[in-house]
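These are the residues of each chain, in order.
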Amino acid sequence: MNSRPRKIVCIGAGYVGGPTMAVIAARCPDVQVTVLDLNAERIAAWNSGSLPVFEPGLPEIIRQVRGRNLHFIPQAQGLAALAEADVVFISVQTPTKTSGAGAGKASDLQFVEACAHLIAQQARGHTIVVEKSTMPVRAAERIQQILSANQTGGTFAVLSNPEFLAEGTAIRDLEHPDRVLIGGEDPAAVAALKSIYAAWVAPEKILTTGLWSAELSKLAANAFLAQRISSINSLSALCEQTGADVAEVAAVVGTDSRIGPKFLQASVGFGGSCFQKDLLSLIYLCEHHGLPEVAAYWQGVVDINEWQKHRFAAVVQQAAANRRVAVLGLAFKKDTNDFRESAALAVCRRLLQSGLEVVAYDPRVDGTRFAAELGNPSHFSVASTAAQALAGAGAVAVLTEWDEFRSIAWASAKLSPGAMVCDGRNVVDRTAVRQAGYGLRVIGSAAP
Ligand code: NAD
Ligand code: UGA
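Quick notes on the rules
- Residues numbered from 1 in each chain as written.
- Chains lettered and ligands numbered in written order.
- Predicted model: local features only at pLDDT ≥ 70, side-chain atom pairs only at ≥ 80, totals over all residues.
- Helix = DSSP H or I, 4+ residues; strand = E, 2+ residues; numbered from the N terminus.
- Rg over C-alpha atoms; globule rule 2.2 N^0.38 Å.
- Buried ≥ 20, exposed ≤ 12 C-beta atoms within 10 Å, placed from the backbone.
- Contact = placed C-beta atoms within 7 Å.
- Near = placed C-beta within 6 Å.
- Core = buried A, V, L, I, M, F, W, Y, C linked by C-beta atoms within 7 Å.
- Domains from an automatic or database assignment.
- Nonpolar A, V, L, I, M, F, W, Y, C, P; charged D, E, K, R; others polar.
- Pairing = 2+ DSSP bridges.
- Axes fitted to C-alpha atoms, helices over the stretch in contact; angles between N-to-C directions.
- Right-handed = clockwise from strand over helix to strand, strands pointing away.
- Left-handed = near helix turned anticlockwise from the far one by under 90°.
- Expected span 1.5 Å × (residues − 1).

1. Things to note about the overall build of the protein chain
- Tallying secondary structure elements over the protein chain gives 16 helices and 14 strands in all.
- In terms of C-alpha radius of gyration, the protein chain reaches 23 Å, essentially the compact-globule figure of 22 Å for 448 residues.
- Each of the three principal axes of the protein chain carries a C-alpha extent, and together these read 75 × 50 × 40 Å.
- By residue count, 51% of the 448 residues in the protein chain fall in the buried class.
- Considering only intrachain contacts with a sequence separation of at least 6, the fraction spanning at least 24 residues in the protein chain is 73%.

2. Quick word on the site of ligand 2
- Among the 20 residues in the neighbourhood of ligand 2, the closest are listed as Gln265, Ser267, Phe270, Gly272 and Cys274.
- Tallying contributions element by element places helix α9 (residues 211-242) first for the shell around ligand 2, with three residues.

3. Re the nonpolar core
- Judged by nonpolar contacts, the single largest core of 80 residues is most densely connected at Val316, Val325, Leu328, Val347, Ala395, Val396 and Ala397.
- Counting residues per element, this core draws most heavily on helix α12 (residues 292-320), at ten residues.
- With near-sequence residues (within four places) excluded, Val316 lies in contact with Val325, Val347, Leu351, Ala395, Ala397 and Cys422.
- Core analysis: the second largest hydrophobic core is formed by 66 residues, Ile8, Val92, Met135 and Leu193 among them.

4. Some points on the domain arrangement of the protein chain
- Partitioning the protein chain into structural domains gives domain 1 (7-209) and domain 2 (275-442).
- Inter-centroid distance (C-alpha atoms) of domain 1 to domain 2 is 33 Å.
- Each partner contributes to the interface: domain 1 provides 14 residues, whereas domain 2 provides 14 residues.
- For the side of domain 1 that touches domain 2, the class distribution of residues is seven nonpolar, five polar and two charged.

5. A short note on the sheet that holds strand β10 (residues 358-361)
- The six strands lie next to each other as β11-β10-β9-β12-β13-β14, forming an open sheet whose pairing is parallel. Only two strands of the sheet have a single neighbouring strand rather than two, namely β11 (380-382) and β14 (439-442). Adjacent strand axes in the sheet meet at a mean angle of 20 degrees when their direction is disregarded.
- Bridge count between strand β13 (residues 420-423) and β14: four bridges; the pairing is parallel. Bridged to Asp423 within β14 is Val442.

6. A look at unusual backbone geometry
- Within the chain, Phe263 stands out as a residue other than glycine whose phi angle is a positive 60 degrees.
- Here Phe263 is to be found in the loop between α10 (246-254) and α11 (275-288).
- One non-glycine residue, Asn426, lies in the positive phi region at around 55 degrees.
- Take Asn426: it is sitting in the loop between β13 and α16 (430-435).

7. Topic: the pairing of strand β7 (residues 180-183)
- The alternating pattern of β7 places Val180 and Ile182 and Leu181 and Gly183 on opposite faces, both of which are buried.
- As judged from the four bridges shared by β7 and strand β8 (residues 206-209), these two strands associate in the parallel manner. Bridge pairing links Val180 to Ile206 in β8.
- Where the polypeptide runs from β7 across helix α8 (residues 187-197) and back to β8, its parallel neighbour, the crossover connection is right-handed.

8. Considerations on the site of ligand 1
- Around ligand 1, the surrounding shell holds 27 residues, and the nearest of these are Gly12, Gly14, Val16, Ser133 and Thr134.
- If you list the elements that add at least two residues to the shell around ligand 1, you get β2 (32-37) and α5 (110-122).
- The biggest single contributor to the shell around ligand 1 is α5, with three residues.
- Classifying every residue of the shell around ligand 1 by side-chain character gives twelve nonpolar, eleven polar and four charged.

9. Looking at the packing of α9 against α11
- Relative to each other, α9 and α11 sit at 115 degrees, their axes nearing to 9 Å. Two packed elements cross with a definite hand, and for α9 against α11 that hand is left-handed. Contacts from Leu219, Asn222, Ala223 and Ala226 in α9 reach Phe275, Asp278, Leu279, Ser281 and Leu282 in α11.
- Residues that form the contact of α9 with α11 fall into these classes: six nonpolar, two polar and one charged.

10. Here we look at α9
- Its 32 residues place the ends of α9 47 Å apart at the C-alpha level, agreeing with the 46 Å of an ideal helix rising 1.5 Å per residue.
- Phi turns positive one or two residues past the end of α9, at Gly243, with a value near 95 degrees.

11. A few points about helix α6 (residues 139-150)
- Between the first and last C-alpha of α6 there are 17 Å, a value that for twelve residues agrees with the 16 Å anticipated at 1.5 Å per step.
- Close packing links the buried residues of α6 with α5, β5 (126-131), β6 (155-160) and α9.

Written as C-alpha cells, this is what we have:
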C-alpha cells in the first residue's frame with residue numbers, strides 16, 4: 001500500500017489515543033479516524049462538552065473534527081470500523097505488572113494482547129497494526145504471534161510508532177514534534193504510516209528504524225529524561241546542606257550546550273503514569289537479559305525519586321507540628337488533570353499516615369477521584385480555592401507548579417501564626433511569603 005491509508009482505527013481513548021487521533025484527523029481531513037474504547041463512560045465524555053482529558057488547545061481541535069472525520073465509539077459498536085481499517089493503532093495502557101512473573105517491574109501486556117486478539121478476529125484484508133503504547137523491547141513479536149495464531153483471513157504488518165508527547169503540552173508536541181519514530185521491517189507498511197505524518201511533519205523529522213530499536217528508543221528516551229530529574233534532585237539535597245541554590249546550579253550547568261537547559265528543574269519528585277513504569281520495565285529487561293549492573297544503574301534513578309518524595313514529606317510533617325496542612329497541587333505537573341503517580345499522592349499518604357489533617361486544592365484535578373485513590377481518609381478534604389485551603393493551615397506544601405501558585409496573596413492568606421510554607425517546586429514568591437511573616441522552605445535552597 002503506497003497511497004495514504006484512508007481508514008484508521010485507534011483502540012484506547014486515553015491521554016494518548018484521544019489527542020493523537022484528534023491531531024491526525026485535523027491534519028488529514030481525507031482520512032476517517034475512529035477511536036474505540038471498552039470504557040463507554042470515557043467515550044461518552046469524548047462526545048460531550050466536557051472532555052475526559054484536560055489539555056490546552058484540545059477542545060478547539062475536537063470541535064473542528066469530531067463528527068467530521070473523527071468518531072469516538074464504544075468498542076462493541078465499532079467492530080465494523082475495525083474490519084474496514086487500513087491501520088489500527090493500539091494505544092491502551094501498559095502498566096507495571098502487579099502479579100505473576102516480573103510483578104512490580106515488568107510491563108503488563110494484557111491490555112495490548114486483548115487488542116491483538118480482537119484485531120485478529122475482526123480485521124479483513126491487509127491491516128497495519130501499530131504499537132502506539134509504550135512496549136518492552138521485542139513486544140511486537142508477541143503481537144505478531146497472536147495475530148497469526150488467531151487470524152480469520154486477514155494479513156498483517158506490525159509497526160512500532162511510540163508516542164513522545166508530554167501531558168500539558170500534548171497538542172503542541174503532536175503538531176510540532178521533535179521527531180516521529182516508525183520502527184518496522186515491512187517497507188510498504190512503513191511508507192504508509194509515514195504518509196500520514198508527512199501531512200504535517202517535515203520528512204527529516206520522521207525517523208525510521210528496526211522494530212526493536214524503536215521499542216527500546218522509547219524506553220531509553222523516558223529513562224534519560226527521568227535520569228536528569230533524579231540527577232538535579234539528588235543535588236538539591238546537597239544544596240540544602242551547603243548553601244548553594246539548586247536553581248542557580250541548574251542554570252549554570254544548563255548553559256553548557258552539550259547539556260542544555262531543559263529538564264533540570266528540581267522538584268518534589270517526578271510523577272505521571274510513565275517515567276517510573278518505563279524505568280521499571282527497562283530494569284526488568286536488563287535483569288531478564290542477565291545485565292544486573294545495568295539494572296542497578298537505572299534503579300538508582302527510581303530510588304532517588306522515591307527518596308526525594310519522602311524527604312520532602314518529612315520536611316512538611318516536621319513543619320506542620322501537628323497542625324493542619326494545606327496541599328497546593330495534586331496533578332503530577334501543571335496543565336493536566338492527571339494525578340497518576342503524582343508526588344501529591346506520596347506526600348499526602350505520608351502526612352495522613354502520621355495523623356495530620358490535610359486540605360488540598362488543585363485547579364483541575366477531580367478531588368473526589370483523588371480522595372478515592374487515597375482510600376477516602378476522614379482527615380482529607382478538598383477545597384475549591386487556594387485561599388480556602390490555606391485558611392488556618394500550619395504548614396503549606398506546594399506540590400505542583402501551577403502558574404496561579406506564583407502569585408498567591410500571602411499577605412491575606414490567613415495561615416495560622418508561625419506557619420511554614422514548604423515549596424516543592426520553587427514557584428512561590430519568596431519575598432511575599434517572608435513579608436507576610438511566614439517561614440519558608442524551598443526545595444534545593446538552604447536559606448530562601
Ligand atoms: P490511558 O489509561 O489514559 O488510556 C488507555 C485507554 O485504553 C483506557 O481508556 C482504557 O479503557 C482503554 N483500553 C484498555 N484496554 C482496552 C481494550 N482491550 N479495548 C479497548 N480499550 C481498552 O493511557 P494513556 O495515558 O493514554 O497511555 C497509553 C499508552 O501510551 C501507555 O503505554 C503509555 O505508556 C503510553 N504513553 C503515554 C503518554 C502520556 O502522556 N500519558 C505519553 C506517551 C506514551
Ligand atoms: C513524559 C515525557 O516527557 C514524554 O516525552 C513521554 O512521551 C511521556 O512521559 C510518556 O511516555 O508518558 P509527561 O510524564 O507527560 O511526559 O510529563 P513531563 O513533562 O515529562 O513530566 C514528568 C514529571 O517530571 C512531572 O512530574 C514533572 O513535574 C517532572 N519534572 C519535569 C521535574 O520534576 N523537573 C523537570 O525539570 C521536568
